[in-house]
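Read off the chains here:
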There are 2 protein chains.
Amino acid sequence: LTQLRQDPLAGHWVIVSEDRSSRPIRTKAPPRSEPRGGWLCPFCEGNESTTPPEVEAKRSARSEPNAPGWSIRTVPNKFAALRPDASGDPAKGDLLEAVPGFGIHEVIIESPQHQAQMNQFSRTKLADILAAYRSRIRSLYEDKRIRYVQIFRNEGYLAGASLEHPHTQVLGLPLVPDVIQAMVNRAAAHQESKRGCLTCAIIKRELAQKERVVFEGKRFVALAPFASRVPGEIALFPREHQHRFEESSDDALSELAAELLRCLHAMRQAFDNPPFNLILITAPRAEGKAFPEKQLARTFHWHFQFVPRTTRPAGLELGTGLNLNPVAPESSARRLREALRDRATWAGTVKR
Amino acid sequence: LTQLRQDPLAGHWVIVSEDRSSRPIRTKAPPRSEPRGGWLCPFCEGNESTTPPEVEAKRSARSEPNAPGWSIRTVPNKFAALRPDASGDPAKGDLLEAVPGFGIHEVIIESPQHQAQMNQFSRTKLADILAAYRSRIRSLYEDKRIRYVQIFRNEGYLAGASLEHPHTQVLGLPLVPDVIQAMVNRAAAHQESKRGCLTCAIIKRELAQKERVVFEGKRFVALAPFASRVPGEIALFPREHQHRFEESSDDALSELAAELLRCLHAMRQAFDNPPFNLILITAPRAEGKAFPEKQLARTFHWHFQFVPRTTRPAGLELGTGLNLNPVAPESSARRLREALRDRATWAGTVKR
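Residues numbered from 1 in each chain as written. Chains lettered and ligands numbered in written order. Predicted model: local features only at pLDDT ≥ 70, side-chain atom pairs only at ≥ 80, totals over all residues. Heavy atoms only, no water.

Participant: In this structure, what is going on with the environment of Asp89 of chain A? I would like to understand it.
Facilitator: Within the secondary structure, Asp89 of chain A is located in the loop between strand E4 (70-76) and strand E5 (97-100). With 201 residues separating them along the chain, Asp89 of chain A and Ala290 of chain A place their C-alpha atoms 24 Å apart. (Helix = DSSP H or I, 4+ residues; strand = E, 2+ residues; numbered from the N terminus.)

Participant: When you look at the packing of aromatic side chains in this model, what are you seeing that I'm missing?
Facilitator: Where two aromatic rings form a pair, the distance of their centres and the angle of their planes describe that pair. For the structure shown, the criterion picks out ten aromatic pairs over all chains. A connected cluster of aromatic rings, assembled from ring pairs, spans Phe220, Phe245, Trp302 and Phe304 of chain A. Here Arg312 of chain A stacks its cationic end above the ring of Tyr157 of chain B, 3.9 Å away from the centre of that ring. Directly above the ring of Phe121 of chain B sits Lys125 of chain B, whose terminal nitrogen or CZ lies 5.9 Å from the centroid. (Phe/Tyr/Trp six-rings, centres within 6.5 Å; stacked < 30°, edge-to-face > 60°. Lys NZ or Arg CZ within 6 Å of the ring centre and 35° of its normal.)

Participant: Please explain the sheet that holds strand E10 (residues 220-223) of chain B as it appears in this structure.
Facilitator: What holds strands together in a sheet is hydrogen bonding between their backbones, with the strands either parallel or antiparallel. Residue and element names in this part refer to chain B. Taken in spatial order, the ten strands line up as E3-E4-E6-E8-E7-E12-E13-E11-E10-E9 in an open sheet, and their pairing is antiparallel. The open sheet terminates on both sides in strands that have one partner only, identified here as strand E3 (56-59) and strand E9 (213-216). For this sheet, the mean inter-axis angle between neighbouring strands, taken without regard to orientation, is 15°. With four bridges connecting them, E10 and strand E11 (residues 234-238) associate as antiparallel partners. Paired with Ala222 across the strands is Leu236, a residue of E11. On the sheet, helix H1 (residues 123-141) packs against E3, strand E4 (70-76), strand E6 (104-109), strand E7 (148-155), strand E8 (167-173), strand E12 (276-281) and strand E13 (303-308) and is oriented at approximately 150° with respect to E7. In the packing of helix H7 (residues 329-339) onto the sheet, the strands contacted are E9 and E11, and the crossing angle to E9 comes to about 40°. (Pairing = 2+ DSSP bridges. Axes fitted to C-alpha atoms, helices over the stretch in contact; angles between N-to-C directions. Contact = heavy atoms within 4.5 Å.)

Participant: Is there a simple way to explain the relation of the copies chain B and chain A in this structure?
Facilitator: Mapping between the two chain copies consists of a rotation about an axis together with a translation along that axis. Placing chain B over chain A gives an RMSD of 0.0 Å and needs a rotation angle of 180°, together with 0.0 Å of translation along the axis. A rotation of that kind, with that shift, is consistent with a two-fold axis. Interface overlap between copies: 100% of the residues of chain B at the interface are likewise at the interface in chain A, consistent with a symmetric, same-surface contact. (Least-squares fit on C-alpha atoms with pLDDT ≥ 70 in both.)

Participant: When you look at the side chain of Ser63 of chain A in this model, what are you seeing that I'm missing?
Facilitator: Residues and elements named next belong to chain A. Checked against the element boundaries, Ser63 lands in the loop between strand E3 (56-59) and E4. Here Ser60 takes part through its backbone oxygen, which lies 2.8 Å from a polar atom of the side chain of Ser63. Residues contacting Ser63, with those up to four places away along its chain left out, are Pro68 and Gly69. (Polar contact = N/O pair within 3.5 Å; in protein donor to acceptor, adjacent residues only side chain to side chain.)

Participant: What is the right way to read the packing of helix H4 (residues 250-270) of chain B against H7 of chain B from this model?
Facilitator: Residue and element names in this part refer to chain B. Contact geometry of H4 with H7 gives a least axis separation of 8 Å together with a crossing angle of 105°. Judged by the inter-axis angle, H4 sits roughly perpendicular to H7. Contact with H4, carried on its side by His265, Ala266, Met267, Gln269 and Ala270, involves Arg335, Leu336 and Ala339 of H7 and no other residues of that element. Partitioning the contact of H4 with H7 into residue classes produces five nonpolar, two polar and one charged. (Parallel < 35°, antiparallel > 145°, perpendicular 65-115°, else oblique. Nonpolar A, V, L, I, M, F, W, Y, C, P; charged D, E, K, R; others polar.)

Participant: Explain unusual backbone geometry to me, please; I cannot follow it from the model alone.
Facilitator: Leaving glycine out, the prevailing phi sign among residues is negative, and the prevailing peptide bond configuration is trans. Residues and elements named next belong to chain A. Phi at Asp272 takes a positive value of approximately 60°, unusual for a residue other than glycine. Summarising the element assignment, Asp272 is placed in the loop between helix H4 (250-270) and strand E12 (276-281). Taking the relative accessible area as the measure of exposure, Asp272 reaches 46% and is therefore partly exposed. A positive phi angle, near 50°, is found at Asn273, a position not held by glycine. Secondary-structure assignment places Asn273 in the loop between H4 and E12. (Buried < 20%, exposed > 50% of the residue type's maximum accessible area, 1.4 Å probe, protein only.)

Participant: Would you mind going over the interface of chain B and chain A with me for this structure?
Facilitator: Interface size is commonly expressed as the accessible surface area that is lost when the partners come together. Each partner contributes to the interface: chain B provides 95 residues, whereas chain A provides 95 residues. Summed over both sides, the interface of chain B with chain A buries roughly 7900 Å², with 65% coming from carbon and sulfur. There are 26 residue pairs in polar contact (both at pLDDT 80 or more) connecting chain B and chain A. With seven residues, the single largest contributor to the side of chain B that touches chain A is helix H2 (residues 178-194) of chain B. Grouping the constituent residues of the side of chain B that touches chain A by class yields 51 nonpolar, 25 polar and 19 charged. (Buried area = accessible area lost by both parts, 1.4 Å probe.)

Participant: Looking at this structure, how should I read helix H3 (residues 198-209) of chain B?
Facilitator: Each full turn of the α-helix corresponds to 3.6 residues, which orients residues three or four apart in the same direction. All names here are of chain B. In this model, H3 (twelve residues) spans 16 Å end to end at C-alpha, consistent with the 16 Å of a helix rising 1.5 Å per residue. Among the residues of H3, those classed as buried are Leu198, Thr199, Ile202, Ile203, Glu206 and Leu207. End-on view of H3: buried residues confined to an arc of 160°, all on one side of the axis. Exposed residues lying more than 90 degrees from the buried face of H3 are Lys204 and Ala208. Positive phi shows up at Lys210, right after H3, with a value of about 75°. (Expected span 1.5 Å × (residues − 1). Arc of directions from axis to C-beta.)

Participant: Looking at this model, I keep getting lost on the packing of helix H1 (residues 123-141) of chain A against H4 of chain A. Mind explaining?
Facilitator: Residues and elements named next belong to chain A. Axis separation between H1 and H4 bottoms out at 8 Å; the angle between their running directions is 120°. The orientation of H1 relative to H4 falls into the category oblique. Pair H1 / H4 crosses with right-handed handedness. Contact residues: H1 offers Arg123, Leu126, Ala127, Leu130, Ala131 and Arg134, while H4 offers Asp250, Leu253, Ser254, Glu255, Leu256, Ala257, Ala258, Leu260 and Leu261. Across the contact of H1 with H4, the residue classes tally to ten nonpolar, one polar and four charged. (Left-handed = near helix turned anticlockwise from the far one by under 90°.)

Participant: Hey, could you run me through the confidence of the model for chain A in this one?
Facilitator: Detailed reading of the predicted model is not advised wherever pLDDT is low. Residues and elements named next belong to chain A. Scored by pLDDT, chain A has a mean of 91; 92% of the residues are at 70 or more. Low confidence marks residues 24-37, where pLDDT is under 50. Its contacts with residues over four positions away, or in another chain, come to 32 contacts. Across the predicted assembly, pTM comes out at 0.93 and ipTM at 0.91. (pLDDT = per-residue confidence, 0-100.)

Participant: Just to check I follow, could you spell out the pairing of strand E1 (residues 2-6) of chain A for this structure?
Facilitator: In regular strands, side chains alternate between the two faces of the sheet. Residue and element names in this part refer to chain A. For E1, the buried fraction is high: five of the five residues fall into the buried class. What you see with E1 is no split at all: Thr2, Leu4 and Gln6 on one side and Gln3 and Arg5 on the other are buried throughout. Pairing of E1 with strand E2 (residues 13-17) involves five bridges; the strand directions are antiparallel. In the sheet register, Leu4 faces E2, and the bridge partner there is Ile15. Following E1, the chain reverses through six residues before pairing antiparallel with E2; Gly11 in that reversal takes a positive phi of roughly 90°. When E1 meets E5, the two strands line up antiparallel, connected through four bridges. Paired with Leu4 across the two strands is Val99, which belongs to E5.

So, in structure tokens, the structure goes:
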């Protein structure tokens, strides 16, 4: 069974994906040490045959597809949350709504090295990974049934990673998730009343006020969001208005790689190297006249979210959706800025 | 700082509560064994002076307030997420919205015994705890500034519990959380088009179809929700339409206690004794003519949610709000029903 279902009482959508249950279900979080030797990691160099055939790779000129010699490799997710071949009619009208679990779920294997963590990547390496993000988003949006592409990266067991080998997931969804739709709607409402981009206005305000600014780069600005969900959350925005990450130039990606490494360094220093999620928010697919690309281009502003797992969501969060953040974002920003004070500690990685 | 803030881009609300940061911030989840001896637990009998003075207690006739001799004790939360004395004007209009963190946050200490877990309570004991829920909800709604009362219970470190001593939290909020407002709106829309209660219609449909029914009791029905967020999720509904839990009779609470223990037994057996959250969804405060109690009484239907922490939310959930559930709710229901097949295993507790 692979289905998208809507809760009839609360309205939220859930992906029900039994394909994923062939991965062991962990009903408790085992406090295992994360690197596990000996076990055959499907993402390691030499084990290419254990994944579905690659859809894209950065590899040396002499090497063959699905064989060693790559530095980044994208494959369909073997335990896909959504499936390209899911079909059937949506169940509508009879109280319960569900649609077939159509979608595309891929894995970008970021390195042939098992032990690499994101903070160990050089700027050049990370820029290559970002170029893979760009390429996969473009490719997935070519399928007109895909309405939103979510890129996310889980690092650490408690952030939801099930394999420690560094990788990013790409999920092409047949619907625009409520959270993204809310962003679109809020941005459109602001545009209508104020004739400008909401995100651009916020960046301007935050840069003027300074207290939630983590750093101000040439092309990017890192902020502790006003309503941060957790201590240490960072949002990284391009300063110049742009609705689609996937339209970024190589130059922009190189700069972005350096700034993501700067965010990561700050977060690790200031919040004790937490497990974290990296989330890319880019524009959903436009839909003809009802939801034109032109309007989206004016109102939407892509960004990255770093969400360190510094709190444990409990009954309050699950029941009401309200997050409880015990550290004011202004204090988080101060701690993050302090962690960056000694430039020597992070600028080394960023130069490479 | 105690404030409710709205994210300007996505629209979600967050409680920023620095009072809570005097509790140590855990940036990693330490894999500690949960019962800790030796340490002075503020909820244990004999340590009453370490909590703020009690607001209500069930205690022996000879005992004094804030002294030993109680079986259930409700106190203000010392590390309150929201505060009765928070004031100030809401910051509105200038892109960023925040309101003062006014609210009431209490703890119901369920037992003088440190080690008790919910599944060890007798039916009578649990009915007494439910009576405390009823009493606290009624009391908090007497304050006209409280618009919603959330009752929640976290059991296990990974479910967000910071003290293992059994307790429930009561949070009176100055706003109706989006999730609850969405339930109100969906129920009202159904009422308008179908002239009936949405929840009653769903219960009827599920009982007819059977595949997601965990059990059918005299007064209550337990279901694996159609769009369950996690494997093993259970929703427990009163069969008779009732919008407010706090209007339950003693008889109903006694029956409810037995049925909650039945849910808990099923969840523990079928899903390997997971950490879990128990969440009570009851009607928000009515607001004059715009949102009359009479309409709420017709449309809202209270229920309990058991959310076992059988998955780890990752970047997908944080980015899009979409939960990924690897077990079909129909399979969960089957496992839960099987766990209840041998009545002898749980009926003992329920009789007491």
